[in-house]
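Inside the fold
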Amino acid sequence: MPTTSTDSSYPPLFLHPPQTTTRYSPPTQPLPTTPPSIPLIDLENLSSPSIIAVCADHGLFRLTNHGLPLPLSRAMHDRARSLFSLPFPSKLSDPSYFWGTPVASPVENLNWVEGLHIRHDDPNPFGPIAAEYGAHVARISRRVFGAAAEAEGFGFGSDSLRAYRYPVCANPEGFFGMDAHTDSSVVSIVDQDGVGGLQVKRGDEWVDVEPVEGTLLVIVGDMLQAMSNDVYKSAVHRVVVNRRTERLSICYFVFPEDDAIIDSPNYRPFTYREFRAKVQEDIKSIGRKVGLLHFRL
Ligand SMILES: O=C(O)CCC(=O)C(=O)O
Ligand SMILES: [Fe+2]
């Protein structure tokens, strides 16, 4: 099995990026010597006021002392790299594989990304490490937000584990790996490699979420924002691509139970099932997610 990507593993469109209008301009000014920092939370030393403050102000933080072993994280990344390096036609025959945007949107809106839905059951292409990894990220998300969700009368419902590869792009100004969005989840956990490219919006600025080995990123999703009546903010984030190095990430998403009613003063009561249906409808009809605005009073 190849361990490095070859051209034959890329979706053909990614080998010859169409010329498009500029969507992303890398900063022309030298970067500030002390970039705005991403808050750091220690899972062995959780204090709820600081989590609440961080989630209210940033909607995203780094997590340390999370107990996910670094060798397990590396093994998942290595496995993902091997699977993404398979020839494109063989990946296409795998129902868990996807690339670009799964709807008929104009090519210039294409996300410069490939993904794999990772099943936890055995056998699966990741092997037993998928279940081991899934158990860790599930434990971590419950430890961080289980109490907050329960206080609002929620259990965690379904979850989803995905691997992404962001291929190199000869026209990185024309495409995003993933365009600006908020996650529909309660919470998402991102385990990125050392390449960088994830950015979070703070005010009008996009801040690089630089990789820090051994830490995970925790992102507040729309459902936690709604459940907390907008105390927690879902973070607007995106991924930029580059000409030289492809990027890998493993991402975990937790969703509410499908039919639990989210009933917060700022919103008309709705279920996650309704929210998800609305997101899918919007993506099909207008090519983007509107999200919580549909439900806000
Ligand atoms: O790959 C990443 O770092 C982020 C992916 C992401 O934002 C998402 O899947 O919603
Ligand atoms: Fe996201």
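Residues numbered from 1 in each chain as written. Chains lettered and ligands numbered in written order. Predicted model: local features only at pLDDT ≥ 70, side-chain atom pairs only at ≥ 80, totals over all residues. Heavy atoms only, no water.

With that settled, consider the coordination of the iron ion (ligand 2). When a metal carries six donors in an octahedron, the ideal angles between them are 90 or 180 degrees, while four donors in a tetrahedron ideally lie at 109.5 degrees. Summarising the metal site, the iron ion (ligand 2) is bound by the protein donors H181 (NE2), D183 (OD) and H237 (NE2), whose distances to it range over 2.0 to 2.1 Å. Positions of the donor residues of the iron ion (ligand 2), expressed as sequence spacing, correspond to H-x1-D-x53-H. With H181 in strand β6 (residues 176-181) and H237 in strand β11 (residues 237-240), the pair connects residues that are 56 residues apart, well separated along the chain. With a relative accessible area of 4%, H237 lands in the buried category. (Donors = N, O, S within 2.8 Å, 3.2 Å for Na, K, Ca; no water. Helix = DSSP H or I, 4+ residues; strand = E, 2+ residues; numbered from the N terminus. Buried < 20%, exposed > 50% of the residue type's maximum accessible area, 1.4 Å probe, protein only.)

A few words on the packing of aromatic side chains. Applying the stated criterion across every chain, the model contains 16 aromatic pairs. Taking 6.2 Å as the distance between ring centres and 75° as the angle between the ring planes, the aromatic pair formed by F88 and Y97 counts as edge-to-face. Accessibility assignment for this pair places F88 and Y97 in one class, buried. An aromatic cluster of three or more residues is present, and its members are F253, F255, Y267, F270, Y272, F275 and F295. Taking the ring centre of W206 as reference, the NZ or CZ of R238 above it sits at 4.1 Å. (Phe/Tyr/Trp six-rings, centres within 6.5 Å; stacked < 30°, edge-to-face > 60°. Lys NZ or Arg CZ within 6 Å of the ring centre and 35° of its normal.)

Here we come to the UniProt feature "domain: Fe2OG dioxygenase" (unreviewed entry) in the protein chain. Within the UniProt annotation, "domain: Fe2OG dioxygenase" (unreviewed entry) is assigned to residues 157-256. For residues 157-256, the end-to-end C-alpha separation is 4 Å, with 6% helix and 50% strand making up the annotated structure. (UniProt positions renumbered as here; feature names shortened; annotations may be inferred.)

As summarised here, the arrangement of the eight strands in space is β1-β2-β10-β7-β12-β5-β4-β3, forming an open sheet in which the pairing is mixed. The sheet is open, and its two edges are formed by β1 (40-42) and β3 (97-99), each paired on a single side. Across the sheet, the mean angle from the axis of one strand to that of its neighbour is 30°, orientation sign disregarded. As judged from the nine bridges shared by strand β5 (residues 156-166) and strand β12 (residues 247-256), these two strands associate in the antiparallel manner. Looking at β12, one finds that Y166 is bridged to R247. Across the face of the sheet, helix α3 (residues 70-84) comes into contact with β3, β4 (114-118), β5, β7 (187-192) and β12 while running at roughly 110° to β12. (Pairing = 2+ DSSP bridges. Axes fitted to C-alpha atoms, helices over the stretch in contact; angles between N-to-C directions. Contact = heavy atoms within 4.5 Å.)

Taken together, the neighbourhood of ligand 1 is formed by 13 residues, with Y164, Y166, H237, R247 and S249 sitting nearest. With respect to ligand 1, the side chain of H181 contributes an N or O atom lying 3.0 Å from an oxygen atom. Take H237: an N or O atom from its side chain is 3.0 Å from an oxygen atom of ligand 1. Relative to its unbound accessible surface of 290 Å², ligand 1 loses 97% to contact with the protein. If you list the elements that add at least two residues to the shell around ligand 1, you get β5, β6, β11 and β12. Take the shell around ligand 1: its biggest share by element is four residues, from β12. (Near = heavy atom within 4 Å. Polar contact = N/O pair within 3.5 Å; in protein donor to acceptor, adjacent residues only side chain to side chain. Areas by Shrake-Rupley, 256 points an atom, 1.4 Å probe, with all protein chains shown as cover.)

With that settled, consider the sheet that holds strand β9 (residues 205-208). Sheet strands associate in pairs through backbone hydrogen bonding, adopting either a parallel or an antiparallel arrangement. Overall, antiparallel pairing links the four strands, which are arranged β6-β11-β8-β9 in an open sheet. What marks the edges here is a single partner per strand, and that holds for β6 and β9. Across the sheet, the mean angle from the axis of one strand to that of its neighbour is 30°, orientation sign disregarded. Pairing of strand β8 (residues 198-202) with β9 involves four bridges; the strand directions are antiparallel.

With four of its five residues buried, strand β2 (residues 60-64) lies for the most part within the structure. With three bridges connecting them, β1 and β2 associate as parallel partners. Following the sheet pairing, D42 is matched in β2 by T64. The sheet contact formed by β2 and strand β10 (residues 216-220) spans four bridges and is antiparallel. The residue of β10 that forms the bridge with R62 is L217.

Attention now moves to the nonpolar core. F61, L63, F126, F145, M223 and F270 are the most contacted members of the largest nonpolar core, which totals 78 residues. If near-sequence neighbours (up to four positions away) are discounted, F270 is found in contact with M223, A226, A260, I261, I262, F275, L292 and F295. (Core = buried A, V, L, I, M, F, W, Y, C linked by side-chain atoms within 4.5 Å.)

Once that is clear, we can look at the side chain of S184. Secondary-structure assignment places S184 in the loop between β6 and β7. The class of S184 is buried, set by a relative accessible area of 18%. Among the polar contacts listed, one links the side chain of S184 to the side chain of K289, at a separation of 2.9 Å. If we ignore the near neighbours within four places in the chain, the residues touching S184 are D222, M223, F255, Y272, F275, V279 and K289.

Moving on, we come to unusual backbone geometry. One non-glycine residue, N65, adopts positive backbone phi at about 55°. Within the secondary structure, N65 sits in the loop between β2 and α3. N65 gets classed as partly exposed once you look at its relative accessible area, which sits at 42%. At N229, a position not held by glycine, the phi torsion is positive, near 55°.

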